[in-house]
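What follows is each chain in one-letter form.
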2 protein chains.
Amino acid sequence: MIIGNLFANVPRHLSEEQIVQLLSAPNLRIERIVSTGHATAPGTWYDQDRSEWVLVLAGSAGLVFEGETEPILLVPGSYVHIAAHTRHRVAWTDESAPTIWLAIHYQ
Amino acid sequence: MIIGNLFANVPRHLSEEQIVQLLSAPNLRIERIVSTGHATAPGTWYDQDRSEWVLVLAGSAGLVFEGETEPILLVPGSYVHIAAHTRHRVAWTDESAPTIWLAIHYQ
(Lines give C-alpha, C1' and ligand atoms only; values in the text may rest on other atoms or scores of the structure.)
Protein backbone atom coordinates (compact mmCIF):
# COMPACT_ATOMS: atom_id res chain seq x y z
CA MET A 1 0.00 0.00 0.00
CA ILE A 2 1.32 3.43 -0.89
CA ILE A 3 0.53 6.09 1.69
CA GLY A 4 2.18 9.45 2.19
CA ASN A 5 1.73 13.17 2.55
CA LEU A 6 2.56 15.71 -0.14
CA PHE A 7 3.48 18.31 2.48
CA ALA A 8 6.08 16.09 4.17
CA ASN A 9 9.78 16.55 3.52
CA VAL A 10 9.44 19.67 1.39
CA PRO A 11 12.88 21.15 0.70
CA ARG A 12 13.15 24.93 1.08
CA HIS A 13 16.06 25.58 -1.24
CA LEU A 14 16.93 23.60 -4.32
CA SER A 15 19.46 24.11 -7.08
CA GLU A 16 17.09 22.28 -9.44
CA GLU A 17 13.42 21.42 -9.18
CA GLN A 18 12.77 18.25 -7.21
CA ILE A 19 10.62 15.63 -8.91
CA VAL A 20 9.39 12.65 -6.85
CA GLN A 21 7.46 9.92 -8.60
CA LEU A 22 4.45 8.86 -6.54
CA LEU A 23 2.85 6.36 -8.89
CA SER A 24 3.77 4.78 -12.18
CA ALA A 25 1.41 2.67 -14.29
CA PRO A 26 1.38 1.95 -18.03
CA ASN A 27 -0.93 4.85 -18.85
CA LEU A 28 -0.25 7.12 -15.90
CA ARG A 29 2.53 8.77 -13.95
CA ILE A 30 1.91 10.89 -10.85
CA GLU A 31 4.65 13.17 -9.55
CA ARG A 32 5.19 15.71 -6.82
CA ILE A 33 7.31 18.59 -8.03
CA VAL A 34 8.82 21.22 -5.73
CA SER A 35 10.03 24.52 -7.19
CA THR A 36 11.78 27.20 -5.17
CA GLY A 37 11.80 30.14 -7.54
CA HIS A 38 12.56 28.04 -10.61
CA ALA A 39 11.31 28.92 -14.06
CA THR A 40 11.67 27.37 -17.49
CA ALA A 41 14.78 28.73 -19.20
CA PRO A 42 13.96 31.79 -21.35
CA GLY A 43 12.96 30.85 -24.89
CA THR A 44 12.47 27.20 -23.92
CA TRP A 45 9.11 25.41 -24.17
CA TYR A 46 7.81 22.13 -22.84
CA ASP A 47 6.38 20.02 -25.66
CA GLN A 48 5.22 16.74 -24.15
CA ASP A 49 4.09 13.54 -25.84
CA ARG A 50 1.61 12.88 -23.05
CA SER A 51 -1.19 15.08 -21.79
CA GLU A 52 -0.79 16.48 -18.29
CA TRP A 53 -3.17 17.58 -15.59
CA VAL A 54 -1.36 19.73 -13.06
CA LEU A 55 -2.42 21.10 -9.68
CA VAL A 56 -0.70 23.64 -7.43
CA LEU A 57 -0.89 22.69 -3.75
CA ALA A 58 1.24 25.44 -2.19
CA GLY A 59 3.12 28.51 -3.34
CA SER A 60 2.30 30.13 -6.67
CA ALA A 61 3.41 30.14 -10.28
CA GLY A 62 2.90 31.77 -13.65
CA LEU A 63 2.23 29.43 -16.58
CA VAL A 64 2.41 30.62 -20.18
CA PHE A 65 1.03 28.88 -23.24
CA GLU A 66 2.72 29.62 -26.55
CA GLY A 67 0.99 32.45 -28.36
CA GLU A 68 -0.32 34.05 -25.18
CA THR A 69 1.29 37.12 -23.72
CA GLU A 70 0.30 36.96 -20.06
CA PRO A 71 1.03 34.07 -17.71
CA ILE A 72 -1.88 32.34 -16.04
CA LEU A 73 -1.61 32.82 -12.28
CA LEU A 74 -1.70 29.55 -10.36
CA VAL A 75 -2.35 29.57 -6.61
CA PRO A 76 -3.13 26.73 -4.18
CA GLY A 77 -6.00 24.69 -5.60
CA SER A 78 -5.44 25.88 -9.20
CA TYR A 79 -5.44 23.15 -11.81
CA VAL A 80 -4.76 23.23 -15.53
CA HIS A 81 -5.08 20.62 -18.24
CA ILE A 82 -2.26 20.69 -20.76
CA ALA A 83 -2.99 18.62 -23.85
CA ALA A 84 -0.10 16.70 -25.42
CA HIS A 85 2.12 18.91 -27.59
CA THR A 86 0.63 22.13 -26.25
CA ARG A 87 3.76 24.19 -25.85
CA HIS A 88 4.05 25.90 -22.49
CA ARG A 89 6.56 27.18 -19.99
CA VAL A 90 6.71 28.17 -16.34
CA ALA A 91 7.41 31.92 -16.34
CA TRP A 92 8.07 32.07 -12.62
CA THR A 93 7.47 30.36 -9.30
CA ASP A 94 7.22 31.83 -5.82
CA GLU A 95 10.59 32.88 -4.45
CA SER A 96 9.45 33.26 -0.85
CA ALA A 97 8.11 29.74 -0.26
CA PRO A 98 8.21 26.37 -2.04
CA THR A 99 5.69 25.78 -4.79
CA ILE A 100 4.33 22.23 -4.62
CA TRP A 101 2.81 20.76 -7.77
CA LEU A 102 0.96 17.54 -8.38
CA ALA A 103 1.51 16.48 -11.98
CA ILE A 104 -0.51 13.73 -13.61
CA HIS A 105 0.88 12.59 -16.95
CA TYR A 106 -1.40 10.24 -18.87
CA GLN A 107 -2.23 8.77 -22.21
CA MET B 1 -8.29 24.60 -22.03
CA ILE B 2 -9.54 23.42 -18.65
CA ILE B 3 -8.60 25.69 -15.76
CA GLY B 4 -10.16 25.90 -12.32
CA ASN B 5 -9.58 25.88 -8.60
CA LEU B 6 -10.42 22.98 -6.32
CA PHE B 7 -11.18 25.33 -3.44
CA ALA B 8 -13.79 27.30 -5.40
CA ASN B 9 -17.50 26.70 -4.87
CA VAL B 10 -17.13 24.28 -2.01
CA PRO B 11 -20.54 23.55 -0.48
CA ARG B 12 -20.70 23.55 3.32
CA HIS B 13 -23.64 21.24 3.83
CA LEU B 14 -24.68 18.42 1.58
CA SER B 15 -27.27 15.70 1.90
CA GLU B 16 -25.05 13.47 -0.25
CA GLU B 17 -21.40 13.71 -1.19
CA GLN B 18 -20.77 15.96 -4.17
CA ILE B 19 -18.75 14.48 -7.03
CA VAL B 20 -17.54 16.80 -9.81
CA GLN B 21 -15.76 15.26 -12.77
CA LEU B 22 -12.72 17.33 -13.70
CA LEU B 23 -11.26 15.21 -16.49
CA SER B 24 -12.33 12.11 -18.35
CA ALA B 25 -10.10 10.18 -20.73
CA PRO B 26 -10.22 6.52 -21.85
CA ASN B 27 -7.85 5.34 -19.10
CA LEU B 28 -8.36 8.06 -16.52
CA ARG B 29 -11.03 9.92 -14.60
CA ILE B 30 -10.24 12.78 -12.19
CA GLU B 31 -12.87 13.92 -9.72
CA ARG B 32 -13.25 16.38 -6.90
CA ILE B 33 -15.33 14.95 -4.09
CA VAL B 34 -16.70 17.01 -1.20
CA SER B 35 -17.85 15.28 1.97
CA THR B 36 -19.47 17.05 4.91
CA GLY B 37 -19.47 14.41 7.59
CA HIS B 38 -20.39 11.59 5.22
CA ALA B 39 -19.23 8.03 5.72
CA THR B 40 -19.73 4.79 3.85
CA ALA B 41 -22.84 3.03 5.12
CA PRO B 42 -22.01 0.55 7.92
CA GLY B 43 -21.15 -2.89 6.60
CA THR B 44 -20.74 -1.57 3.05
CA TRP B 45 -17.46 -1.73 1.13
CA TYR B 46 -16.20 -0.11 -2.03
CA ASP B 47 -14.93 -2.74 -4.46
CA GLN B 48 -13.80 -0.96 -7.61
CA ASP B 49 -12.82 -2.35 -11.01
CA ARG B 50 -10.27 0.44 -11.46
CA SER B 51 -7.37 1.38 -9.24
CA GLU B 52 -7.63 4.73 -7.47
CA TRP B 53 -5.12 7.25 -6.18
CA VAL B 54 -6.80 9.60 -3.74
CA LEU B 55 -5.59 12.79 -2.07
CA VAL B 56 -7.16 14.81 0.74
CA LEU B 57 -6.88 18.56 0.15
CA ALA B 58 -8.89 19.89 3.11
CA GLY B 59 -10.71 18.49 6.11
CA SER B 60 -9.96 15.00 7.35
CA ALA B 61 -11.19 11.44 7.02
CA GLY B 62 -10.72 7.91 8.30
CA LEU B 63 -10.22 5.22 5.67
CA VAL B 64 -10.48 1.52 6.50
CA PHE B 65 -9.26 -1.39 4.43
CA GLU B 66 -11.02 -4.70 4.87
CA GLY B 67 -9.26 -6.84 7.47
CA GLU B 68 -7.80 -3.88 9.34
CA THR B 69 -9.27 -2.69 12.58
CA GLU B 70 -8.18 0.93 12.74
CA PRO B 71 -8.93 3.58 10.13
CA ILE B 72 -6.00 5.34 8.48
CA LEU B 73 -6.15 9.04 9.35
CA LEU B 74 -6.10 11.27 6.28
CA VAL B 75 -5.33 14.98 6.65
CA PRO B 76 -4.55 17.67 4.05
CA GLY B 77 -1.79 16.37 1.78
CA SER B 78 -2.42 12.70 2.63
CA TYR B 79 -2.59 10.36 -0.35
CA VAL B 80 -3.38 6.68 -0.62
CA HIS B 81 -3.22 4.25 -3.49
CA ILE B 82 -6.12 1.81 -3.58
CA ALA B 83 -5.54 -1.07 -5.97
CA ALA B 84 -8.53 -2.37 -7.94
CA HIS B 85 -10.76 -4.66 -5.89
CA THR B 86 -9.14 -3.71 -2.60
CA ARG B 87 -12.19 -3.43 -0.41
CA HIS B 88 -12.33 -0.25 1.63
CA ARG B 89 -14.71 2.18 3.25
CA VAL B 90 -14.72 5.70 4.60
CA ALA B 91 -15.30 5.35 8.34
CA TRP B 92 -15.84 9.05 8.89
CA THR B 93 -15.18 12.52 7.49
CA ASP B 94 -14.78 15.83 9.30
CA GLU B 95 -18.09 17.17 10.58
CA SER B 96 -16.82 20.69 11.27
CA ALA B 97 -15.57 21.57 7.78
CA PRO B 98 -15.81 20.15 4.27
CA THR B 99 -13.41 17.40 3.32
CA ILE B 100 -12.15 17.90 -0.23
CA TRP B 101 -10.77 14.86 -2.05
CA LEU B 102 -9.03 14.53 -5.37
CA ALA B 103 -9.73 11.08 -6.77
CA ILE B 104 -7.84 9.66 -9.73
CA HIS B 105 -9.35 6.50 -11.16
CA TYR B 106 -7.22 4.77 -13.75
CA GLN B 107 -6.53 1.57 -15.57
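Residues numbered from 1 in each chain as written. Chains lettered and ligands numbered in written order. Predicted model: local features only at pLDDT ≥ 70, side-chain atom pairs only at ≥ 80, totals over all residues. Heavy atoms only, no water.

Asks: When you look at the overall build of chain A in this model, what are you seeing that I'm missing?
Replies: The secondary structure content of chain A amounts to 0 helices and 9 strands. Each helix and strand of chain A, placed in order from N terminus to C terminus, yields the pattern β-β-β-β-β-β-β-β-β. At 14 Å, chain A has a C-alpha radius of gyration in line with the 13 Å of a compact globule built from 107 residues. Across its three principal directions, the C-alpha atoms of chain A cover 45 × 35 × 25 Å. Here chain A holds 107 residues, and the buried ones make up 50% of them. Relative to all contacts within chain A whose residues are 6 or more apart in sequence, the contacts with residues 24 or more apart total 65%. Accessible surface computed for chain A: about 5100 Å², of which carbon and sulfur atoms make up 50%. Taking the average location of the 6 positive side-chain charges in chain A and that of its 11 negative ones, the two points are 6 Å from each other. (Helix = DSSP H or I, 4+ residues; strand = E, 2+ residues; numbered from the N terminus. Rg over C-alpha atoms; globule rule 2.2 N^0.38 Å. Buried < 20%, exposed > 50% of the residue type's maximum accessible area, 1.4 Å probe, protein only. Contact = heavy atoms within 4.5 Å. Areas by Shrake-Rupley, 256 points an atom, 1.4 Å probe, with all protein chains shown as cover. Lys, Arg positive; Asp, Glu negative; His and termini not counted. Charge placed at Lys NZ, Arg CZ, Asp CG, Glu CD.)

Asks: Which parts of the structure should I look at to understand the interface of chain A and chain B?
Replies: With 30 residues of chain A in contact, the opposing surface of chain B contributes 30 residues. For the chain A and chain B pair, buried surface summed over both sides reaches about 2600 Å², with 73% attributable to carbon and sulfur atoms. Counting every contact that joins chain A to chain B gives 0 salt bridges. At the surface where chain A touches chain B, the tally comes to 12 residue pairs in polar contact (both at pLDDT 80 or more). For the side of chain A that touches chain B, the secondary-structure elements that each account for two or more residues are strand 1 (3–5), strand 2 (18–25), strand 3 (28–35), strand 4 (51–58), strand 7 (78–82) and strand 9 (99–106) of chain A. For the side of chain A that touches chain B, the element with the most residues is strand 7 of chain A, which contributes 4 residues. Residue composition of the side of chain A that touches chain B, grouped by class: 22 nonpolar, 7 polar and 1 charged. Summarising the sheet, strand 1 of chain A and strand 7 (residues 78–82) of chain B pair through 3 bridges and their orientation is antiparallel. Residue pairing across strands places Ile3(A) opposite Val80(B), the latter belonging to strand 7 of chain B. (Buried area = accessible area lost by both parts, 1.4 Å probe. Salt bridge = Lys/Arg side-chain N within 4 Å of Asp/Glu carboxyl O. Polar contact = N/O pair within 3.5 Å; in protein donor to acceptor, adjacent residues only side chain to side chain. Nonpolar A, V, L, I, M, F, W, Y, C, P; charged D, E, K, R; others polar. Pairing = 2+ DSSP bridges.)

Asks: Would you explain the relation of the copies chain A and chain B in this entry?
Replies: Each of the two chain copies can be generated from the other by rotation about an axis followed by a shift along it. For the match of chain A to chain B, the screw axis carries a shift of 0.0 Å, the RMSD comes to 0.0 Å, and the turn is 180 degrees. Accordingly, the operation relating the two chain copies is best matched by a two-fold axis. Minimal C-alpha distance to the rotation axis in chain A is attained by Asn27(A), lying at 3.5 Å. The overlap is high: 100% of the interface residues of chain A also sit at the interface in chain B, so the same surface is used on both sides. (Least-squares fit on C-alpha atoms with pLDDT ≥ 70 in both.)

Asks: Sorry if this is basic, but what is going on with the nonpolar core here?
Replies: As a rule of thumb, nonpolar side chains are buried together in soluble globular proteins. Counting 30 residues, the largest nonpolar core has Leu28(A), Leu55(A), Leu102(A), Leu28(B), Leu55(B) and Leu102(B) as the members making the most contacts within it. Only strand 2, strand 3, strand 4 and strand 9 of chain A together with strand 2 (18–25), strand 3 (28–35), strand 4 (51–58) and strand 9 (99–106) of chain B provide two or more residues apiece to this core. Other than its neighbours up to four places away in sequence, Leu102(B) contacts Trp53(A), Leu55(A), Leu102(A), Leu6(B), Leu22(B), Ile30(B), Glu31(B), Trp53(B), Val54(B), Leu55(B) and Leu57(B). (Core = buried A, V, L, I, M, F, W, Y, C linked by side-chain atoms within 4.5 Å.)

Asks: Would you mind showing me how to read the side chain of Ser35(B) here?
Replies: Residue and element names in this part refer to chain B. Counting through the fold element by element, Ser 35 comes out in strand 3. Looking at Ser 35, its side chain comes within polar contact range of the side chain of Trp 101, at 2.9 Å. Once residues within four sequence positions are removed from consideration, Ser 35 is found in contact with Glu 17, Thr 93, Ala 97, Pro 98, Thr 99 and Trp 101.

Asks: Would you explain the layout of surface pockets in this entry?
Replies: Space left empty within the atom packing is revealed by a probe, the size of a water molecule, rolled over the atoms. Considering only enclosed or pocket space, the largest pocket measures out at about 360 Å³ in volume. Counting only elements with at least two residues in the lining of the largest pocket, the list comes to strand 3, strand 4, strand 8 (88–93) and strand 9 of chain B. Considered class by class, the residues forming the lining of the largest pocket number 10 nonpolar, 6 polar and 4 charged. Of the voids in this model, the second largest pocket is the one considered here, and its volume is about 270 Å³. Lining the second largest pocket are 17 residues, with Glu17(A), Ile33(A), Tyr46(A), Gln48(A) and Glu52(A) sitting closest to its centre. The set of elements that each furnish at least two residues to the lining of the second largest pocket consists of strand 3, strand 4, strand 8 (88–93) and strand 9 of chain A. (1 Å grid on protein atoms, 1.4 Å probe; cavity = no way out; pocket = protein on both sides within 12 Å on 5 of 7 lines; lining within 4 Å. Points joined across faces, edges and corners; volume = space filled by probe spheres on them.)

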